[in-house]
Each structure stands twice: as C-alpha cells, then as structure tokens.
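# Secondary and tertiary structure notes
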Amino acid sequence: MRVPAACVALWIALAAIGDARQAPPPQQPPRFRTEVEVVQLDLSVTDSNHRPVHGLTAADFTVLEDGQPQSIVQFTAVDITDPPPTPTTWLRDVAPDVNDNSITDRRVFVILLDDAMIPPDPKMVKATKEMARSLVNRLGPSDLAAVTFTLNNSHAQEFTSDRARLLKAIDTFAPGFRGFAPAPPANLAPGPGQLAAAPLLPDKNVDTYYYQSSVRSLENVAELLTDVPHQRKILMYISVGVPIPSVMTVAGPGGDTGTDAIGWDPLSGTASQLQQQLTELFRLARLSNVNVYSFDPAGLDGLANYFLTHKDANPDARSSTDYLRVVAENTGGRAVVDTNTADQGVAEMVRESGSYYLVAYQSSNPRKDGKYRKVDVRVDRPGVTVRTRAGYNAPRAATATKPPPPATEAAVAGLLSRPDVQLQIAIAPFAIPGKSEAALAIAADVRQPTPKERTTDNIELLTRAYDAENQKMRGSQKEVAKVVMRPTTDEPDAQFEIVSRLDLKPGHYNLRLAAHSTVQDKTGSVYSAIDVPDFEKEPLSLSGVIVSAAPATASAGKEALASLIPVMPTTKRTFARTDRVSAFLRIYQHAKGTLSSVRLDIRVVDDHDNANFHATETVTADRFDATRTLDHQFDLPVASFAPGPHLLTIEATAGKTTARRDVRFVVK
C-alpha cells in the first residue's frame with residue numbers, strides 16, 4: 001500500500017548551524033547524474049574484524065547482474081570521519097533555535113523499536129533502550145535520526161539532529177508484547193508524520209495483528225525512504241523477531257519476485273500473509289537502497305530463559321534469530337544477535353555507514369519490465385566481506401500519471417526538506433492576551449542567486465502545523481511576498497527575510513514551511529518541531545527569544561507581527577563583531593494568584609564554558625502589566641566576544657519555579 005504524499009510518516013528537523021572549527025564539514029556523497037538510467041549501489045567493505053577497508057578503486061570490484069558482468073560507469077569512496085570530542089556538552093546537547101535546508105547529503109538513520117514483539121522483561125527493555133541510545137550518542141553533527149515503533153507511535157520522533165528529542169522518544173519505549181496483551185489496540189491508520197502499525201485484519205486475529213505490526217512497520221519505513229535519494233540510509237531494527245522460523249529457510253536464488261534468500265514450506269494463513277509482507281519488504285528495501293541492521297535485545301539465550309520463567313506467556317510467540325538474520329542479509333545490513341555486547345555492533349554499524357563505496361553501472365539489460373534482477377558484487381581482495389543490496393527491480397515503462405500538486409503543497413509533503421530554494425527559519429511562541437492560543441512569530445530567510453538586473457520576485461510562502469501525532473493539520477497559512485532584488489557584486493546571493501504569524505493552541509507541533517520563487521520557478525522547504533507552552537497555566541514561563549541585528553537584512557511582511565512584538569526578528573545566528581545584536585523576550589506569570597518578583601540570570605559562554613557575559617536582575621512584581629507580562633530586551637556585546645560558537649542562556653526564577661531559554665550563535 002502506497003502511503004499518500006500528505007501522510008508522510010517521518011519528519012525532519014534539519015541540523016544545527018554551528019562553528020566549522022568544531023568539526024570538519026561532512027563529506028558530501030556525490031549525486032550520480034547521467035542521461036541514461038544507472039543502477040546505484042553503496043557497498044560496505046569490511047575485514048575479518050568488521051573494520052572498513054579503505055583505498056579500493058573501481059578496478060577492485062566486479063559487479064554481476066543476473067550473472068552477467070556489468071561496466072562500472074561511476075565510482076567514488078566516501079569516508080565520513082567521526083567528529084572530534086566536543087570541549088563542552090552544550091555543543092552536543094543544546095539544539096539550535098534555527099533550522100535550515102542547506103545540507104542535503106548526509107546519513108539518515110531510522111531507529112525502529114519493536115514494541116509489538118519484545119516481551120515486558122526488564123532486562124530486554126533496558127537492552128533495547130541502551131542499544132538505541134548508543135546510536136544517538138554516536139551521531140555526527142550532520143546526521144539525522146528518527147525514532148518510531150511497530151505498535152504504538154504516540155511518542156514517535158520525526159527526523160531530527162536534536163539528541164534530547166531522540167532520547168526522550170527512546171525512553172518512552174514500553175513493550176506491547178502480544179503474549180500478554182489481551183487484545184490489539186484500536187486501528188492506528190498512518191497519518192502525517194507517523195508510521196502506524198498494521199491495521200487490524202478483517203478476522204481480527206490477535207497473533208496476525210502483532211506479527212504484522214512488526215513486519216509491516218519495516219515495510220513502511222523502507223517505502224518512505226524511497227523518496228530520499230543519494231543518501232546513506234540505515235534502519236536500526238531492535239526486535240526479538242517474528243515467530244515464523246519454523247517455516248522459513250535460507251534458499252538459493254529465486255525468481256522474479258526477489259525472494260532469493262527465503263524458501264517457504266506450506267504455510268498457514270498467517271504465515272502466508274507474513275511471507276507476502278517479507279517479499280514486499282525486500283522489494284522496497286532494494287528500491288530505496290536502505291540497509292537494515294537487526295539487533296536482538298534478548299542477548300545470549302535471553303528469550304529462551306524468559307519463556308522458561310514465564311509459563312503464562314503464549315508459547316507460539318517464541319522467535320528465532322534466523323528471522324533477524326534473513327531481514328538483515330537481504331537488505332545489505334548485518335544482524336547483531338546472540339551477544340550481550342551489542343554496543344560493539346552499534347559502533348560497527350555507525351563505522352560501516354560512514355565509510356563506503358558508491359558504485360554506479362548501466363545495466364546491460366535495457367528491458368523496462370519491472371522484473372527482479374539479482375546483483376552480486378565481488379572484490380579482488382582476500383579476507384574481506386562486501387555487503388550491499390541483493391538486487392533491484394527494473395523500472396517499468398512510463399504510464400500516465402496524475403497532474404502534480406502545486407509546488408508548495410508538494411514541498412511540504414516530502415519526506416526530506418527540499419533545498420532548491422535556500423531557506424532557514426526561526427520560530428518563537430508568544431501568548432495572546434485573553435486567549436488560550438499562542439502566536440508563533442516566524443522569520444524565514446530566503447536566499448537566491450543575485451540577479452543581473454533589478455528584479456521583482458513573488459515569493460509564495462506556505463506554512464503548515466501538524467499535531468504531536470502528526471495525524472491532523474492544526475494550522476495553515478499561505479501568503480505572497482513581493483521582493484525587489486538588485487544586482488550587486490558584494491554578495492553572491494540575494495538575501496531577504498519574510499516574517500509571518502501562525503496562532504496555535506498549546507502543545508507540540510511539527511511545522512513545515514515551503515517557499516516558491518516565481519522568478520526561479522523553484523521551491524524550497526524546511527521543517528521544524530516546536531513546543532507551544534500553556535502560558536495561562538504555567539506559574540512562570542518565557543516566550544521564545546527574538547534575536548535582532550543591525551545592519552538588518554531586507555525583510556517583507558513586517559505588519560504580520562506589528563501587534564504582537566515591538567521588534568523585528570532575524571534568523572541570523574552568525575555575527576560579525578561589528579554587528580549590533582539584541583535579544584528580546586516576554587516573561588509571563590500564572591493567570592491567577594499573587595504576582596511575584598522574578599530573578600533574571602543571563603549568561604553567554606563560549607565553546608569551553610568560559611563566561612563571556614553575565615548579568616542578573618530582580619524584576620519586582622509591580623513592573624508586570626495588567627496582563628501579568630513583562631517585556632525584557634538587552635544587547636549582546638558581540639564585539640567583546642572571541643570568534644567561535646557561543647551559548648546564550650536566559651533563566652527566570654520565581655520561588656521554586658524556573659523557566660529557561662537557550663540560543664546558540666557564532667561570532668566570526
């Protein structure tokens with residue numbers, strides 16, 4: 001089943017703007033562009049100790065398609081080096097308040113936690129979380145990761161580089177093991193931003209529901225990742241497996257369906273359905289070029305021991321590591337099973353994903369018949385192992401398609417943000433006096449090539465907000481900004497900012513913003529997650545921080561925020577020491593009760609935690625206005641700061657309650 005473009009299951013919050021001194025920029029895997037269709041493979045080559053093998057050339061590889069040698073037309077080696085240790089934890093743990101779409105080639109990880117099949121055993125639950133955390137702790141600064149579940153996705157995390165959000169999602173893992181669950185939950189149909197479990201079958205078979213939830217979630221991830229080209233894609237699947245090893249065996253090469261690694265005995269109805277799902281999973285994994293690494297949280301004899309001590313568990317739920325091995329081997333990954341030291345397997349997965357070879361060949365078979373073609377790659381080097389996808393399905397002849405949606409609609413429906421128009425956004429929530437909603441002050445920075453002559457561009461800006469489960473759209477706004485661009489030799493890009501406003505109720509939202517340039521006839525998009533506080537109920541809370549700078553960037557839509565805040569926001573977070581920079585925020589106290597004095601503590605630290613700026617102030621209760629709010633604005637003395645990354649921290653304290661905001665920025 002093809003998930004509609006508007007019902008994307010994973011969302012992306014793009015990586016932070018940081019200081020290039022902290023880590024070298026990631027190597028950008030090349031995009032193979034030719035006028036003929038080529039087959040692209042990414043190859044992991046490791047020695048007997050699972051270490052990547054470097055220094056190979058195209059001449060070292062032989063590629064066979066259905067047994068026939070193929071000519072390699074393009075080849076490159078990719079090495080993403082591990083980032084150096086950060087001198088301070090905030091560089092790793094504090095997410096920026098600005099997201100952009102400037103980096104498109106990076107590693108993409110999906111952490112799939114099998115809450116449908118993992119038993120409620122404390123040791124297995126702990127191992128599951130530790131494995132997932134181990135990956136998050138090894139992510140590089142440009143990597144993206146998402147957390148999703150096979151059964152209950154109410155706490156899933158869209159793609160992000162924000163470690164805190166990823167770890168929070170992992171900590172919510174709770175088994176829904178079918179051996180103990182009295183009945184499957186209500187149908188969880190996939191909606192925008194969510195990978196839902198398999199829908200209930202017509203016969204409402206409990207076993208089938210839970211087994212399919214595990215397998216179909218793998219299918220869904222593989223299918224969605226087909227929309228992510230030219231990137232290294234890794235699916236970390238943490239599961240004890242699905243109980244079908246008694247009918248599943250490793251077999252020889254298969255036929256057109258691509259079931260080359262599985263042979264099947266006569267099956268029951270449930271097993272037959274699972275067979276079809278696995279066949280489809282392997283087809284989609286080949287199509288999307290995603291590698292599945294399976295991790296078993298049961299460890300050495302863990303699952304067997306569990307069933308010995310839990311007599312009330314359903315014995316049919318026993319599983320085998322064979323399933324996990326077959327899934328990994330058919331997708332170019334590796335199974336980490338029968339071990340109590342899975343952390344080593346996580347380290348090897350990350351290392352392998354960062355060092356690989358991209359090979360492209362033009363198939364000698366020109367037929368567009370959609371049939372499966374087996375691929376075999378060999379390397380002329382003793383003692384090494386090559387892993388890649390086992391094959392692919394040939395393209396089919398073009399057929400009539402539906403007319404495409406409007407450009408901005410398509411851009412907000414994609415799995416990854418679109419970089420064709422360079423964008424970055426900053427979002428700050430503010431209370432609306434007398435209303436339960438809050439207003440989002442949104443600043444979008446748009447960059448385009450500098451024109452050769454004076455040009456007026458109409459920029460269509462579409463903003464959409466989805467709820468925490470990404471099931472429903474909670475807000476949408478479309479506007480057109482008329483921007484005048486003038487030729488200049490000083491800057492290679494024409495830069496301008498568009499400000500807008502979107503009102504939402506308190507809660508967690510996933511925002512998608514797309515901009516279409518009429519002059520370029522191109523569209524870009526950028527995604528962000530935002531928490532909107534309940535300003536009326538919190539005893540003490542802070543708005544988002546508005547950063548302003550002079551000289552200011554040309555802007556449009558200023559009237560959108562005129563009634564909300566007295567300053568103009570900028571997305572700029574890299575400043576010259578000659579810039580004049582200020583920060584503005586609003587302090588709120590509970591709608592009821594006695595107003596209190598508030599202590600403000602404002603700090604700026606560098607990348608070695610040295611304090612470059614520190615100011616404290618006690619704001620007395622009488623300074624708050626009739627709406628129980630207080631505006632606070634202050635200048636940042638960037639002229640006195642050394643070049644490099646800095647962290648601005650604003651803390652407000654009233655009694656035992658503290659509210660905090662952080663802003664990362666760079667001085668050049």
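Let me begin by describing the structure that accompanies this report. (Residues numbered from 1 in each chain as written. Predicted model: local features only at pLDDT ≥ 70, side-chain atom pairs only at ≥ 80, totals over all residues. Heavy atoms only, no water.)

### Looking at the overall build of the protein chain
Formally: Under the DSSP-based scheme used, a helix requires at least four consecutive residues in state H or I and a strand at least two consecutive residues in state E, with every element numbered from the N terminus. Per-residue accessibility, obtained with a 1.4 Å probe over protein chains only, is compared with the maximum for each type, and a residue is labelled buried under 20%, exposed over 50%, and partly exposed between these values.
When helices and strands are counted, the protein chain shows nine helices and 35 strands. Within the span of the protein chain, comprising 668 residues, buried residues form 55% of the whole.

### A word on the sheet that holds strand β29 (residues 574–575)
Sheets are built from strands paired through backbone hydrogen bonds, the pairs being either parallel or antiparallel. Rules: Being paired, for any two strands, means DSSP has found at least two bridges between them.
Across the sheet, which stays open at both edges, the five strands sit in the order β29-β35-β34-β31-β32 with mixed pairing between neighbours. Because the sheet does not close on itself, it has two edges, and the strands there are β29 and β32 (611–619). By the bridge criterion, eleven bridges tie strand β34 (residues 644–654) to strand β35 (residues 657–667) in an arrangement that is antiparallel. The residue of β35 that forms the bridge with Ala-652 is Ala-659.

### Some remarks on helix α2 (residues 122–137)
Defined as follows: Take the residue count of a helix, subtract one, and multiply by 1.5 Å to get its expected span.
With 16 residues, α2 ought to run about 22 Å at 1.5 Å a step, and its terminal C-alpha atoms sit 22 Å apart, in line with that. Every buried residue of α2 is listed here: Met-124, Val-125, Ala-127, Thr-128, Lys-129, Met-131, Ala-132, Ser-134, Leu-135 and Val-136.

### What about helix α8 (residues 342–354)?
In an α-helix there are 3.6 residues to a turn, and that puts residues three or four apart on one side. Helix length check: α8 (13 residues) gives 19 Å between terminal C-alpha atoms against 18 Å at 1.5 Å per residue, within 8%. Most of α8 is tucked away: ten of the 13 residues are buried. Taken as a whole, α8 has its buried residues at Ala-342, Gly-345, Val-346, Ala-347, Glu-348, Met-349, Val-350, Glu-352, Ser-353 and Gly-354.

### Some points on the pattern of salt bridges
For clarity, the cut-off: A pairing counts as a salt bridge when a side-chain nitrogen of Lys or Arg comes within 4 Å of a carboxyl oxygen of Asp or Glu.
Per the stated rule, a full pass over the model turns up 28 salt bridges. As a salt-bridge pair, Asp-631 and Arg-586 come within 2.5 Å of each other at their nearest N and O atoms. Pair noted here: Asp-631 is in strand β33 (residues 629–636) and Arg-586 is in strand β30 (residues 580–589), with a separation of 45 residues, a long-range link. Among the residues examined, Arg-586 registers a relative accessible area of 11% and is labelled buried. Members of the salt-bridge network, linked through shared partners, are Glu-65, Arg-367, Asp-369 and Arg-373.

### What about the packing of α2 against helix α3 (residues 163–171)?
Using the following cut-off: Axes here refer to lines fitted to C-alpha atoms; in helices the fit is confined to the stretch in contact. Angles between the N-to-C directions go from 0 to 180 degrees. Between 65 and 115 degrees an angle is taken as roughly perpendicular, under 35 as roughly parallel, over 145 as roughly antiparallel, and anywhere else as oblique. In this description, contact between two residues means that some pair of their heavy atoms is separated by no more than 4.5 Å. We call Asp, Glu, Lys and Arg charged. Ala, Val, Leu, Ile, Met, Phe, Trp, Tyr, Cys and Pro are nonpolar, and the rest, Gly among them, are polar.
Closest axis-to-axis distance for the α2/α3 pair is 10 Å, and the angle between their directions is 170 degrees. Comparing the axis directions of α2 and α3 gives the class roughly antiparallel. Residues Lys-129, Ala-132, Arg-133, Val-136 and Asn-137 of α2 touch α3, and the partners they reach there are Arg-163, Leu-166, Leu-167, Ile-170 and Asp-171. Partitioning the contact of α2 with α3 into residue classes produces five nonpolar, one polar and four charged.

### Some words on unusual backbone geometry
Each neighbour pair has its own omega, and for Ala-550 with Pro-551 the value is 5 degrees, a cis peptide bond. Here Pro-551 shows up in the loop between β27 (546–550) and β28 (555–556). Look at Asp-521: it is not a glycine, yet its phi comes out positive at around 55 degrees. The topology assignment puts Asp-521 in the loop between β24 (507–517) and β25 (522–532). Since its relative accessible area comes to 58%, Asp-521 is described here as exposed. Even without being glycine, Asp-609 reaches a positive phi, approximately 65 degrees. Here Asp-609 falls in the partly exposed class, since its relative accessible area comes to 44%.

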